Structure formats: structure tokens, C-alpha cells
Amino acid sequence: MINLFNYNQLQLADYFASIGEKPFRAKQLMRWMHHFGVYDFTQMTDIAKSLREKLAVDTEITLPNVQLEQVSNDGTRKWLIDVNNKVTDDKNGVANSIETVFIPEDDRGTLCISSQVGCALACTFCSTGAQGFNRNLSVSEIIGQLAIANKSLRSESGYDLLSVNDRIISNVVMMGMGEPLTNYDNVVTAMQIMLDDSAYGLSRRRVTLSTSGVVPAMDRLKEDCPVALAVSLHAPNDALRDVLVPINKKYPIKELMAACNRYLEKAPRDFVTFEYVMLDGVNDTVEHAHELLEVIKHVPCKLNLIPFNPFPNSGYETSKASHIRVFRDILMQAGYVVTVRKTRGDDIDAACGQLAGKVLDKTKRTKTIPIEAVA
Ligand code: SF4
């Protein structure tokens, strides 16, 4: 069976052409699946009955299953999503779970989406990296996270699913489990669906991809789907970044900064957001702040300081609040816009970017990919 949830509009049009149907059917189907959240062919009333019957025989619309939905006291919401798949998953029959987090704020609602089960890049401060890599998520599993969250939030708030004017999820960040640019094709297709007016209609400024710095894929992305870019920098020199973000050994800071500037030629925003996790005594001194200013001085950017979210055996501790303030002030006095990420959803372990930290790991993930093998 073909899962139509894996296709963007162009791919759907190709599919319809292959079965002798007009390409505009793709737009109709996109609207039913993504705009209205209708997955039952019999309800797609503007599609000919004969085609609906054919689709029901040859295709399916399949999303991953929600295992658990939790709501924090501060309104943050987390879905634990089962992405076990009898075709692609390992043979042990163990469960694969990913997390998706919704963070409501006064002026926006942000959904943090995962792109892989685990991650191979092994950043030493990251709980996902500590668990190793299992597999890439499919398009349907990536866009399915948005579909699940959208449907849940809209039905709970009383909005009619057939009314799409009230956008609860205004922003999407590809910042959950995994390095999105090492699952390039599926992530780009999923983002194309997010941007499609017949689907979720998000603007490119409101979809942010966060990368640890896979330079060749950054260059591809600016041509294929230039959304807003965030870069996990986390260190102001190569010696330290080689340890914290090992992919730096392949794409060191100078190359990364050059790639950021190339990306900005096509980006929907005129700045890159640099993320910088604050690790006590490791990367948070006054000297580090000044070194960081040197590193970023030729890249239009904003900075997001992220107090480290501890997890067992990480070996790191969160920077002291006073150190974070001093670090922030040095950057701000140099003229940069700096935000310090607030901790949200503590009571449901929903720290964005370190989503898997306390999730029971049932996947027996051990595989890592040598840095040299990363495209
Ligand atoms: S920080 Fe991102 S790239 Fe690094 S290990 Fe964690 S999920 Fe992977």
C-alpha cells in the first residue's frame, strides 16, 4: 500500500498522473489530509466516488500512533509518539518512540518536531546523542507530528476541524530528536508540506531548521527549501567544539560561519540564530564570551543561550544564573540580540532540544555513524 502521507503536492500529482488522473487531484487530497485532517476517503466529497474507491484499494493515509499526551502546568504539551513500523524497524520488535512538544506563548504557538529516532552525531551535552541512532523518520512520521498536534490542539480548543482560520501552531522548529540535515530528503519534503498553502500554509520565516552544522547540506537547503536557520554552535573555538559537537572535526567553525553567510543569501530572515548551551565552567566564562564575539562577528545573527538541562551521567552541570547573566550582558553590550531560553514544561520533561532526556529508552540504540560518513 502507498502511504499518501509521505508525498508533497508535486509527488502526489505525479502519482495521480501515473494512474491516469488529473494533477489537480493532488491539491484536493492535500487539503483533505493536511488542511482538514480528514483521512477517510469516503468523507472526501469533492473527489469522484470511483477514484475514492480506487484510492481505498491501492493507498492508505497512515500517521504514527500517539502513545501518550501530557500537558504541563504552564500549558506546554508533549506527545510521545510510537514510530514502530513493521517494514522499516529493527527486527527485535522493540518500540521506537519520539517526542513532539508544543510551547504556547502570548504571541505564538511553537511546535518542536523530531527528525530521527535518536541521533548519530553524539554531541556530548545532548541526551539524544547519548542514546545513539536508530533510524531516520519517514516523511509521514515527520509531518505526522504536526498533523497530530494540530488536530489535538484544534479539537480541544473547540475549533471546528473544517475551519482553518484559527492557527494555534504558528511556528515549527525542527529542533527535536535528530540532526535534520542527515535525513535531508524526508525533512525537506515534510517542510515543503508545512509551507504548502493547501496543507499547513506556514511562511518560511515561521519554520526553523536547527542544525549542528552539516555544511554541504546547508548549501543544498538554501536552494531547495530556505527556511529560517538556527545553528547549534555551543563553543567559541574548534578545540572545545570538537568535544561538544564532534561534527566540528569535519566542518570546523570557520567553514560553518562561511556556510551561514552563504545561507543568508536565500534565507527568509536576514540573520542566523546561534544556539549556545550554557555548561558550568566549560563554555560559560567571560573569556569564552569574548571569543564568541570574535567568531560570529562577520555573520548577521541573534543568539539564544540555553541553560543546560541535566541528564544522568552527562558529566555536565548547568551554568550558574549569575554566569549566564554576565555572559549575556557581554554579548548584548556588543550590540547583539540575546535571549535566554526559559525552561518550559519541567513537570513533563519537555525541554526542547533535549527531548529524549528522560524517556525510557526501549530501542537498544547503539549505532553511531563516523563523522567522516556524514554528508
Ligand atoms: S544536539 Fe542535535 S545533532 Fe547533536 S546529538 Fe543532539 S540531536 Fe544530534
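For clarity, every value in this text was computed on a predicted model and none was experimentally measured. (Residues numbered from 1 in each chain as written. Predicted model: local features only at pLDDT ≥ 70, side-chain atom pairs only at ≥ 80, totals over all residues. Heavy atoms only, no water.)

Let us look at the overall build of the protein chain. The helix and strand inventory of the protein chain stands at eleven helices and 14 strands. Taking all 375 residues of the protein chain together, 55% fall into the buried category. Across the protein chain, every contact between residues at least 6 apart in sequence was considered, and the portion connecting residues at least 24 apart equals 68%. Surface accessibility of the protein chain: about 16,200 Å² in total, with carbon and sulfur atoms responsible for 51%. (Helix = DSSP H or I, 4+ residues; strand = E, 2+ residues; numbered from the N terminus. Buried < 20%, exposed > 50% of the residue type's maximum accessible area, 1.4 Å probe, protein only. Contact = heavy atoms within 4.5 Å. Areas by Shrake-Rupley, 256 points an atom, 1.4 Å probe, with all protein chains shown as cover.)

Within the open sheet, the ten strands sit side by side as β3-β4-β5-β6-β9-β10-β11-β12-β13-β14. Their pairing is mixed. Looking at which strands have only one partner, the edges of the open sheet turn out to be β3 (65-71) and β14 (338-340). Going from strand to strand, the sheet's axes swing by 20° on average, the running direction of each strand aside. Where strand β13 (residues 301-307) and β14 come together, three bridges link them in parallel fashion. Across the sheet, the residue bridging to N304 is T339, located in β14. Helix α6 (residues 184-195) contacts β9 (171-174) and β10 (207-211) of the sheet and is inclined by roughly 160° relative to β10. (Pairing = 2+ DSSP bridges. Axes fitted to C-alpha atoms, helices over the stretch in contact; angles between N-to-C directions.)

Counting buried positions along strand β4 (residues 77-82) gives six out of six residues, so the element sits mostly inside the fold. Residues R77, W79 and I81 of β4 are buried on one face, and the alternating residues K78, L80 and D82, pointing to the opposite face, are buried as well. Relative to β4, β3 runs antiparallel, the two sharing six bridges. Bridge pairing in β4 places E69 opposite W79. Between β3 and β4, which pair antiparallel one after the other, the connecting turn spans five residues, and G75 there sits at a positive phi close to 95°. Taken together, the six bridges between β4 and strand β5 (residues 97-104) define a ladder with antiparallel strand orientation. Its bridge partner being in β5, R77 is matched across the sheet by F102.

So, on to the site of the ligand. Every residue lining the ligand is accounted for by C119, A122, C123, C126, G129, G178, E179 and S212. Class assignment of the residues belonging to the shell around the ligand gives a composition of four nonpolar, three polar and one charged. (Near = heavy atom within 4 Å. Nonpolar A, V, L, I, M, F, W, Y, C, P; charged D, E, K, R; others polar.)

This part covers a positive patch on the surface. A cluster of basic residues, R167, R205, R206 and K302, forms a positive patch on the protein surface. By the element assignment, R167 lies in the loop between α5 (139-156) and β9. Looking at R167, the relative accessible area reads 45%, which means it is partly exposed. (Patch = residues over 30% accessible without salt bridge, like charges linked within 9 Å, V, L, I, M, F, W, Y side chains within 5 Å. Salt bridge = Lys/Arg side-chain N within 4 Å of Asp/Glu carboxyl O. Lys, Arg positive; Asp, Glu negative; His and termini not counted. Charge placed at Lys NZ, Arg CZ, Asp CG, Glu CD.)

Attention now goes to the confidence of the model for the protein chain. A low pLDDT means the predicted coordinates there should not be read in detail. With 86% of its residues at a pLDDT of 70 or more, the protein chain shows a mean pLDDT of 88. Of the regions scoring below 50 in pLDDT, residues 86-94 engages in eleven contacts with residues more than four places distant in sequence or in other chains. (pLDDT = per-residue confidence, 0-100.)

Turning to the nonpolar core, a few remarks are in order. With 108 residues, the main nonpolar core has L29, F125, M191, M194 and F274 as its most contacted residues. Domain assignment of the residues forming this core places at least three in each of domain 1 (2-60) and domain 2 (65-373). Residues V101, C112, V173 and A230 belong to the second largest nonpolar core, which totals six residues. (Core = buried A, V, L, I, M, F, W, Y, C linked by side-chain atoms within 4.5 Å. Domains from an automatic or database assignment.)

Next up on the list: the packing of α6 against helix α7 (residues 215-224). Interaxial distance between α6 and α7 falls to 12 Å at its minimum, and their mutual angle equals 25°. Between α6 and α7, the angle is such that the two are roughly parallel. The hand of the α6/α7 crossing is right-handed. Along its contact with α6, which presents Y184, D185, V188, M191 and Q192, the element α7 presents A217, R220, L221 and D224. Grouping the constituent residues of the contact of α6 with α7 by class yields five nonpolar, one polar and three charged. (Parallel < 35°, antiparallel > 145°, perpendicular 65-115°, else oblique. Left-handed = near helix turned anticlockwise from the far one by under 90°.)

Bringing the packing of aromatic side chains into the picture now. Taken as a whole and judged by the stated rule, the model has seven aromatic pairs. Joined through ring pairs, the aromatic side chains of Y7, Y15 and F16 make up one cluster. Directly above the ring of Y184 sits R220, whose terminal nitrogen or CZ lies 3.9 Å from the centroid. Geometry around F271 places K302 over its ring, the cationic atom sitting 4.3 Å from the centre. (Phe/Tyr/Trp six-rings, centres within 6.5 Å; stacked < 30°, edge-to-face > 60°. Lys NZ or Arg CZ within 6 Å of the ring centre and 35° of its normal.)

The relative placement of two packed helices comes down to the angle between their axes together with the axis-to-axis distance. It is the contact of helix α1 (residues 9-18) with helix α2 (residues 24-35), at a shortest axis distance of 8 Å, that shows an interaxial angle of 125°. In this view, α1 runs oblique relative to α2, as classed from their interaxial angle. In this structure, α1 crosses over α2, and the sense of that crossing is right-handed. Where α1 approaches α2, its residues Q9, L12, A13 and F16 are matched on the opposing element by R25, A26, K27, L29, M30 and M33. Along the lines of polarity and charge, the residues of the contact of α1 with α2 split into seven nonpolar, one polar and two charged.

Next up on the list: the side chain of Q116. Along the polypeptide, Q116 turns up in strand β7 (residues 116-118). Residues in contact with Q116, not counting those within four places in the same chain, are I98, F133, R135, N136, L137, M177, G178, E179, T182 and N183.

This part is about the side chain of N304. When you line up the elements, N304 lands in strand β13. A distance of 3.2 Å separates polar atoms of two side chains, one belonging to N304 and the other to T339. When sequence neighbours within four positions are dropped, the list of residues in contact with N304 reads T273, F274, E275, Y276, T339, V340 and R341. (Polar contact = N/O pair within 3.5 Å; in protein donor to acceptor, adjacent residues only side chain to side chain.)

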